[in-house]
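As a plain string of letters, each chain reads:
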Amino acid sequence: MAPTSRMLIEIPSDWPLVGCIAFGIIDRGTNILQVRPSSTCPLSCIFCSTDAGPRSRSRQAEYLVDLDHLLKWFKQLVKLKSSRSIEAHIDTVGDPLTYPRIIDLVHRLSEIPEVKVISMQTHGFLLSYSLINDMEAAGLSRVNLSIDSLDPDLAKRLSGTNQYEVKHITAMAEAIADSKVDLMITPVWVPGYNDAEIPKIIEYALSIKAGKLWPPLGIQKYCPHKRGRKPRGAKPASWLSFYRKLQELEHRYHVRLALRPEDFGVVKDSRIPVVFKKGEKVRVRVVGYGWLKGEKIAVPVRGDPAIITLVNASRVELEAKLPARILACKDGIYVAEPLW
Ligand code: SF4
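Fair warning: this is a prediction, and the values are worked out from it, not measured in the lab.

> For this particular structure, what's the right way to read the overall build of the protein chain?
Helix and strand counts for the protein chain stand at seven helices and 15 strands. With the C-alpha coordinates aligned to their principal axes, the bounding extent of the protein chain is approximately 60 × 45 × 40 Å. Evaluated residue by residue, the protein chain yields a buried proportion of 56% over its 340 residues. Considering only contacts within the protein chain whose residues lie at least 6 apart along the sequence, 71% involve residues at least 24 apart. Taken as a whole, the protein chain presents about 15500 Å² of accessible surface, with 53% of it coming from carbon and sulfur. In the protein chain, which carries 48 positive and 37 negative side-chain charges, the distance between the mean positions of the two groups comes to 7 Å.

In structure tokens, the structure reads:
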């Protein structure tokens, strides 16, 4: 499959930074705020739920958010929270290490008094020793590092990337484990692909002393998504059988694998008010391209501070004003379709 080219959109400073899954900030009503400064990824994992990376077939645009713009919105959202212990979790629909100002982002987040934890989710392809040093100095608390196989050939295959060398990733894992930054290894368990690797990854995580403050492992269940990539023959486990297998492994290795919100100090908190209801009709102005083919980005004409992703909108022109119906509004992420 040949890599596809797509446009890079630098988010204008007048776009709200809430409402879109692909960039900005997501608030799911806890003391964690998800921070999404960029959307690109250097890998093309064969199980990727967001169809990221050079081999993506469904994406048409990638995004980059200006650092000051992002921090302005982040600080406004922190003010809405009653918790004085906020976790800034940098987890994009790609890999956050593609953000050119990732160190500045960590540093500036660490200067916000309410932010007590800064964590990042990555597959680690872009990590280097100097980047780890810089992230440690900037105040990063934890890296959630996905290592899906320790076998070099399988790891390459799962990453969908010939240049992927798991040796490099394990060297980086060990450097993180030796630093002040905590390490949690977070493999995606893809049934039929890396079943035999999961015990080895657990042994590896324990051997390098991952998990100083938080659990050493966060095994992720493979869940196929409508627009994500689905590896041939991978049958998703039910949640019941997934947790049963985790329990067996917990007994074998004496390590907690079925994680709970309390393991991360997650508490419920106030959330950004959801400004629309499912089914509601709203007049929008189209301001840009959505991340997936056929989508556009819009803002409400009545001025609510929210981004709306318009689906089935290939024929809708930029700057058009039109009515749309809200199809989904979970966690303040708005999806609508044009009505005309
Ligand atoms: S799973 Fe993560 S690292 Fe792999 S392609 Fe998707 S976003 Fe990139």
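> Help me out: how do you make sense of the packing of helix α1 (residues 67-80) against helix α2 (residues 102-110) in this one?
The angle between the axes and the distance between the axes are what describe a pair of packed helices. Following both chains from N to C, one finds α1 and α2 inclined at 30 degrees, their axes separated by 11 Å at the closest point. Considered as vectors, α1 and α2 are oriented roughly parallel to each other. The chirality of how α1 crosses α2 is right-handed. Between α1, through Leu67, Asp68, Leu70, Leu71 and Phe74, and α2, the contact on the second element is made entirely by Asp104, Leu105, Arg108 and Leu109. Partitioned by chemical class, the residues of the contact of α1 with α2 number six nonpolar, no polar and three charged.

> Teacher, can you tell me more about the pattern of salt bridges here?
Here the structure, examined in full by the defined rule, presents 20 salt bridges. The partner of Arg101 in a salt bridge is Asp104, with the nearest N and O atoms 3.1 Å apart. Across the pair Arg285 and Glu319 runs a salt bridge, and its minimum N-O distance is 3.2 Å. Placement of the pair is Arg285 in strand β11 (residues 281-289) and Glu319 in the loop between β13 (308-310) and β14 (321-328), with a sequence separation of 34 residues. Here the salt bridges do not stand alone but share partners, grouping Arg28, Arg271, Lys330 and Asp331 into one network.

> Can you help me understand unusual backbone geometry in this one?
Note: most residues except glycine have negative phi, and most peptide bonds are trans. A positive phi angle is found at Asp51, which is not glycine, with a value near 45 degrees. By secondary structure assignment, the location of Asp51 is in the loop between β3 (32-36) and β4 (61-64). Note on Asp51: relative accessible area 4%, which makes it buried. With a phi close to 60 degrees, Lys209 is a non-glycine residue in the positive phi region. Counting through the fold element by element, Lys209 comes out in the loop between α6 (197-207) and β10 (220-221).

> Just to check I follow, could you spell out the sheet that holds β14 for this structure?
Strand-to-strand pairing in sheets goes through backbone hydrogen bonds, with the strands running parallel or antiparallel. Here five strands make up a closed barrel; going around it, the order is β11-β12-β13-β15-β14 and the pairing mixed. The sheet shows a mean angle of 50 degrees between the axes of neighbouring strands, taken without regard to direction. Where strand β12 (residues 296-300) lies against β13, three bridges are found, and the strand directions are antiparallel. Bridge assignment links Ala298 to a residue of β13, and that residue is Ile308.

> For this particular structure, what's the right way to read the site of the ligand?
Surveying the vicinity of the ligand reveals the residues Cys41, Leu43, Ser44, Cys45, Cys48, Ala52, Val93, Gly94, His123 and Arg229. Broken down by class, the residue content of the shell around the ligand amounts to six nonpolar, three polar and one charged.

> What exactly am I supposed to notice about the sheet that holds strand β7 (residues 142-145) here?
Taking strand neighbours across the sheet as the criterion, the six strands line up as β2-β3-β5-β6-β7-β8 in an open arrangement whose pairing is mixed. Looking at the sheet topology across the chains shown, the edges are occupied by β2 (24-27) and β8 (182-185). For this sheet, the mean angle separating the axes of adjacent strands, direction not counted, is 25 degrees. Where β3 meets strand β5 (residues 86-90), four bridges bridge the pair, whose relative direction is parallel. The residue of β5 that forms the bridge with Gln34 is His89. Strand contacts of α2: β3, β5 and β6 (115-122), with the helix running at about 155 degrees to β6, the strand carrying the most contacts. Against the sheet, helix α5 (residues 166-177) makes contact with β7 and β8, and its axis sits at roughly 140 degrees relative to β8, the strand it touches most.

> In this structure, what is going on with the environment of Ser270? I would like to understand it.
Structurally, Ser270 can be placed in the loop between α7 (239-253) and β11. Spatially, the C-alpha atom of Ser270 lies 5.6 Å from that of Lys81, the residues being 189 residues apart in sequence. In terms of polar contacts, Ser270 uses its side chain to reach the side chain of Asp269, at 3.0 Å.

Procedures and definitions
Residues numbered from 1 in each chain as written. Predicted model: local features only at pLDDT ≥ 70, side-chain atom pairs only at ≥ 80, totals over all residues. Heavy atoms only, no water. Helix = DSSP H or I, 4+ residues; strand = E, 2+ residues; numbered from the N terminus. Buried < 20%, exposed > 50% of the residue type's maximum accessible area, 1.4 Å probe, protein only. Contact = heavy atoms within 4.5 Å. Areas by Shrake-Rupley, 256 points an atom, 1.4 Å probe, with all protein chains shown as cover. Lys, Arg positive; Asp, Glu negative; His and termini not counted. Charge placed at Lys NZ, Arg CZ, Asp CG, Glu CD. Axes fitted to C-alpha atoms, helices over the stretch in contact; angles between N-to-C directions. Parallel < 35°, antiparallel > 145°, perpendicular 65-115°, else oblique. Left-handed = near helix turned anticlockwise from the far one by under 90°. Nonpolar A, V, L, I, M, F, W, Y, C, P; charged D, E, K, R; others polar. Salt bridge = Lys/Arg side-chain N within 4 Å of Asp/Glu carboxyl O. Pairing = 2+ DSSP bridges. Near = heavy atom within 4 Å. Polar contact = N/O pair within 3.5 Å; in protein donor to acceptor, adjacent residues only side chain to side chain.

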